[in-house]
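What follows is each chain in one-letter form.
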Amino acid sequence: MNTNIQPLSSNAQRYWNPYVAGVGLGLTLLVSFVALGVGLGASGSAARLAASAAHVVAPTAVEANGYVGPWFENGSALANYLVFMSLGTLVGGFASALFARRLAVGVERGGQITPRGRLVFALVGGLLVGFASRMAGGCTSGQALTGGALLLGGSWAFLVAVFAGGFLVAPLVKKEWQP
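Since we're looking at a predicted model, the values are computed, not measured.

## Remarks on the domain arrangement of the protein
- For the protein, the domain assignment lists domain 1 (1-105) and domain 2 (110-179).
- Of note, the centres of domain 1 and domain 2, computed from C-alpha atoms alone, are 17 Å apart.
- Contacts between the two partners involve 14 residues from domain 1, matched on the other side by 14 residues from domain 2.
- Both sides together, the interface formed by domain 1 and domain 2 hides about 1000 Å², and carbon and sulfur atoms give 65% of it.
- At the junction of domain 1 with domain 2, the criterion picks out zero salt bridges.
- Scanning the region where domain 1 abuts domain 2 turns up five residue pairs in polar contact (both at pLDDT 80 or more).
- Looking at the side of domain 1 that touches domain 2, the elements that each hand over two or more residues are helix 1 (18-36) and helix 2 (43-57).
- Partitioned by chemical class, the residues of the side of domain 1 that touches domain 2 number eight nonpolar, six polar and no charged.

## Details of the side chain of Arg109
- For Arg109, the position within the fold is in the loop between helix 4 (81-99) and helix 5 (115-135).
- Owing to a relative accessible area of 12%, Arg109 belongs among the buried residues under this scheme.
- In terms of polar contacts, Arg109 uses its side chain to reach the backbone carbonyl oxygen of Ile113, at 2.4 Å.

## Structural notes on the packing of helix 1 against helix 6 (residues 140-149)
- Two numbers describe how helix 1 lies on helix 6: the axes approach to 11 Å, and their chain directions differ by 70°. In terms of their interaxial angle, helix 1 and helix 6 are classed as roughly perpendicular. Relative to helix 6, helix 1 is oriented so that their crossing is right-handed. When helix 1 is examined against helix 6, the residues Leu25, Leu29 and Phe33 are found in contact with a partner set consisting of Leu145, Thr146 and Ala149.
- Residues that form the contact of helix 1 with helix 6 fall into these classes: five nonpolar, one polar and no charged.

## So, helix 4
- Given a rise of 1.5 Å per residue, 19 residues ought to cover 27 Å, and the 26 Å separating the end C-alpha atoms of helix 4 matches this to within 8%.
- Of the positions making up helix 4, those classed as buried are Leu82, Val83, Ser86 and Ala97. One side of helix 4 carries all its buried residues, which in axial view fall inside an arc of 115°. Opposite the buried face of helix 4, by more than 90 degrees, sit the exposed residues Phe84, Val91 and Phe99.
- Tucked inside the fold, the buried residues of helix 4 contact helix 2.
- If you check the start of helix 4, you find a side-chain oxygen 2.9 Å away from the backbone N of Leu82, and it comes from Asn80.
- Backbone geometry just after helix 4 places Arg101 at a positive phi near 55°.

## Thoughts on helix 6
- For helix 6, the complete set of buried residues consists of Thr146, Gly147 and Gly148.
- The elements touched by buried residues of helix 6 are helix 1 and helix 7 (153-173).
- Leu151 sits one or two positions beyond helix 6 and adopts a positive phi of about 60°.

About the criteria used
Residues numbered from 1 in each chain as written. Predicted model: local features only at pLDDT ≥ 70, side-chain atom pairs only at ≥ 80, totals over all residues. Heavy atoms only, no water. Domains from an automatic or database assignment. Contact = heavy atoms within 4.5 Å. Buried area = accessible area lost by both parts, 1.4 Å probe. Salt bridge = Lys/Arg side-chain N within 4 Å of Asp/Glu carboxyl O. Polar contact = N/O pair within 3.5 Å; in protein donor to acceptor, adjacent residues only side chain to side chain. Helix = DSSP H or I, 4+ residues; strand = E, 2+ residues; numbered from the N terminus. Nonpolar A, V, L, I, M, F, W, Y, C, P; charged D, E, K, R; others polar. Buried < 20%, exposed > 50% of the residue type's maximum accessible area, 1.4 Å probe, protein only. Axes fitted to C-alpha atoms, helices over the stretch in contact; angles between N-to-C directions. Parallel < 35°, antiparallel > 145°, perpendicular 65-115°, else oblique. Left-handed = near helix turned anticlockwise from the far one by under 90°. Expected span 1.5 Å × (residues − 1). Arc of directions from axis to C-beta.

Shown next, in the form of structure tokens:
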């Protein structure tokens with residue numbers, strides 16, 4: 001298992017130009033608005049998956065819940081565009097890594113932390129972000145992409161805060177990623 005940051009192979013393809021990828025993402029967002037009437041987001045599918053798992057164990061309690069109960073009124077909570085979008089993202093990401101010869105099992109980490117420690121921090125961070133995104137009513141992709149495209153003031157304030165926070169914190173954690 002790859003446990004440190006290393007090139008995967010000498011024949012791996014370079015990453016896409018970020019401007020080309022950004023235009024592709026923008027076009028995907030446009031198609032989502034035109035075809036579905038809604039934007040993009042990611043946290044909704046994870047919440048629906050968790051609600052469906054809870055529904056298997058305690059269907060009455062889940063259906064009575066004011067937050068997730070309405071998701072089951074027309075059948076499965078998984079019958080939602082966000083779930084299919086997330087599945088498409090997983091399949092597309094896998095296909096992209098496979099075709100670019102960048103597919104490898106490993107734990108990306110800096111030289112200052114063990115693979116197990118990195119996985120623990122990733123799990124805890126993911127749980128915190130997932131919880132916070134549901135508390136906020138959406139995730140960063142929904143806020144930044146969809147809200148930004150709709151020119152919502154709160155979304156633009158969020159984007160400025162995220163980038164400012166990233167620039168301020170980056171020097172503090174950069175040393176953790178040095179081999």
